[in-house]
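Notes for the structure review
The chain contents come next:
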Amino acid sequence: MTRDQIAEELPNLAESKLTALVVDDSFVNQTIHQKLLNRLGIENDVVTNGKEAVDVYCSGRNYDLILMDMDMPIMNGIQATKRLREMGIESKIAGVTTRANEGEKKEFMEAGLNDFQEKPLTISKLLSILHKLDFYVQT
Amino acid sequence: MNTTVVAQLQRQFQDYIVSLYQQGFLDNQFSELRKLQDEGTPDFVAEVVSLFFDDCSKLINTMSASLERPDNVDFKQVDSGVHQLKGSSSSVGAQRVKNVCISFKECCHVQNREGCLRCLQQVDYEYKMLKTKLQDLFNLEQQILQAGGTIPQVDIN
């Protein structure tokens, strides 16, 4: 998709100044997810496991969107999502994982996700997440 | 700029990348990565695949150590390594590596050490083969750029 096509999809994205947190232990996925977010003009940070994500929020930082991997060491995506919701965090959380069987997906969603996408992420899938989570201004 | 040379190199590049898809080395996810590369990040794809190959090397070493002693194989640890490798291979479009990981996971699931060892050997072979192929592809890109040309967008659908 070109920048013009992306802008047509989400006309006010450029002005929205959205922020996102990438939570993934894989450097490959971190790099790809950050690039996807950068392409859409979304400021972003990255952490390598669920505990770091919780710590970032405890430090007072906040993000509009969290892209949460499921399988991570120390604290996985399910545990981190539950913990963040217990803390009262209302950021939109999209689970992104290669685990796609219905049971695992259900468990992840029930932890407190707003959306779920199978990896690998693409521009189309990320736009789908943003659409679903109402990250644009209706004109 | 010698336009004939550029055109020849561009044709060579197109034929080569198409062959990589046709032979199953790459799938559509690699195309998605190429779409993300731009003037600001001209080495994006090379950087991502380099991270992937680092992953392969590290994970294969770890899994090899786990599988070494027949009487003491930690299949859960091996499965974890395969899962990570399957994930990263899927993310870069390394289709053959990903497919070996699917078989590898099955061997872990049934605790088949011999099967795991065969898959480990196969995944090692496939990632090294892909590394060589992609290096050739990136070399062709550099030749095109040095000759003053642009890298062709290739539609593999």
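Residues numbered from 1 in each chain as written. Chains lettered and ligands numbered in written order. Predicted model: local features only at pLDDT ≥ 70, side-chain atom pairs only at ≥ 80, totals over all residues. Heavy atoms only, no water.

**Some points on the overall build of chain A**
Just so we agree on the cut-off: Helical segments are the DSSP runs of H or I of at least four residues, strand segments are the runs of E of at least two, and each set is numbered from the N terminus. The classification of residues rests on relative accessible area computed with a 1.4 Å probe and restricted to protein chains. Under 20% of the type maximum is buried, over 50% is exposed, and intermediate values are partly exposed. The contact criterion used is simple: two residues touch if any of their non-hydrogen atoms lie within 4.5 Å. To be clear on the numbers: accessible area is Shrake-Rupley with a 1.4 Å probe, and residue cover counts the displayed protein chains and nothing else.
The helix and strand inventory of chain A stands at seven helices and five strands. Shown N-terminal to C-terminal, the secondary structure of chain A runs as helices and strands in the order α-α-β-α-β-α-β-α-β-α-β-α. Expressed as a percentage of the 139 residues in chain A, the buried residues total 51%. When contacts within chain A are restricted to residue pairs at least 6 apart in sequence, long-range pairs at least 24 apart make up 64% of them. About 6600 Å² of surface is accessible on chain A, with carbon and sulfur atoms providing 46% of the total.

**Digging into the sheet that holds strand β4 (residues 92–97) of chain A**
Residue and element names in this part refer to chain A. Worth spelling out the cut-off: A pair of strands counts as paired when DSSP detects no fewer than two bridges linking them. For helices, the fitted line uses only the C-alpha atoms of the stretch in contact; every axis is such a line through C-alpha atoms, and the angle between N-to-C directions lies from 0 to 180 degrees.
The five strands lie next to each other as β2-β1-β3-β4-β5, forming an open sheet whose pairing is parallel. The two strands at the open ends of the sheet, each matched to only one other strand, are β2 (43–47) and β5 (115–118). Neighbour to neighbour, the strand axes of the sheet diverge by 20 degrees on average, direction disregarded. Packing against the sheet, helix α4 (residues 50–58) makes contact with β1 (19–23), β2 and β3 (65–69), and its axis sits at approximately 150 degrees to β1. Across the face of the sheet, helix α6 (residues 102–110) comes into contact with β3, β4 and β5 while running at roughly 145 degrees to β5.

**Examining unusual backbone geometry**
Cis geometry marks the peptide bond from A:Lys119 to A:Pro120; its omega dihedral reads 0 degrees. Tracing the backbone through its elements, the reader meets A:Pro120 in the loop between β5 and α7 (123–132). Even without a glycine there, the phi angle at A:Asp134 is positive, about 60 degrees. As for its position among the elements, A:Asp134 is in the segment after α7. When its relative accessible area of 55% is taken as the criterion, A:Asp134 is described as exposed. Not every positive phi belongs to a glycine, and B:Gln111 is a case in point at roughly 55 degrees.

**As for the UniProt feature "domain: HPt" (unreviewed entry) in chain B**
This is how the line gets drawn: UniProt positions are given in the numbering used here, feature names are shortened, and annotations may be inferred rather than shown by experiment.
UniProt feature "domain: HPt" (unreviewed entry): in the numbering of this structure it lies at residues 41–148 of chain B. The span residues 41–148 of chain B shows a helical share of 84% and a strand share of 0%, and its end C-alpha atoms are spaced 18 Å apart.

**Thoughts on the nonpolar core**
For clarity, the cut-off: Residues belong to a common nonpolar core when they are buried Ala, Val, Leu, Ile, Met, Phe, Trp, Tyr or Cys residues joined through side-chain atoms within 4.5 Å.
Counting residues in hydrophobic clusters, the biggest one holds 68 residues, and the most contacted among them are B:Phe52, B:Phe104 and B:Leu134. With residues near it in sequence (within four places) discarded, B:Phe52 still touches A:Val28, B:Leu85, B:Ser88, B:Ser89, B:Val92, B:Ala94, B:Val97 and B:Leu130. Core analysis: the next-biggest nonpolar cluster, separate from the first, contains 22 residues, A:Val47, A:Ala53, A:Val54 and A:Tyr57 among them.

**Observations regarding the interface of chain A and chain B**
Applicable threshold: The buried area of a pairing is the accessible area, by a 1.4 Å probe, that goes missing from both parts when the two are put together, added over both. Think of a salt bridge as a Lys or Arg side-chain nitrogen and an Asp or Glu carboxyl oxygen that are within 4 Å of each other. Here a polar contact means two N or O atoms within 3.5 Å. Within protein one must be a hydrogen donor candidate and the other an acceptor candidate, and residues neighboring in sequence count only if both atoms are side-chain atoms. Three classes are used, and their members are as follows: Ala, Val, Leu, Ile, Met, Phe, Trp, Tyr, Cys and Pro are nonpolar, Asp, Glu, Lys and Arg are charged, and the others, Gly among them, are polar.
Taken residue by residue, the interface counts 20 residues in chain A and 20 residues in chain B. Taken together, the two surfaces of chain A and chain B that pack against each other cover about 1600 Å², and 61% of this comes from carbon and sulfur. At the surface where chain A touches chain B, the tally comes to two salt bridges. Two residues, B:Asp38 and A:Arg39, come together in a salt bridge whose shortest N-O distance is 3.4 Å. Where chain A touches chain B, the interface holds eight residue pairs in polar contact (both at pLDDT 80 or more). No other element matches helix α3 (residues 27–39) of chain A, which puts eight residues into the side of chain A that touches chain B. A class-by-class count of the residues in the side of chain A that touches chain B yields eight nonpolar, five polar and seven charged.

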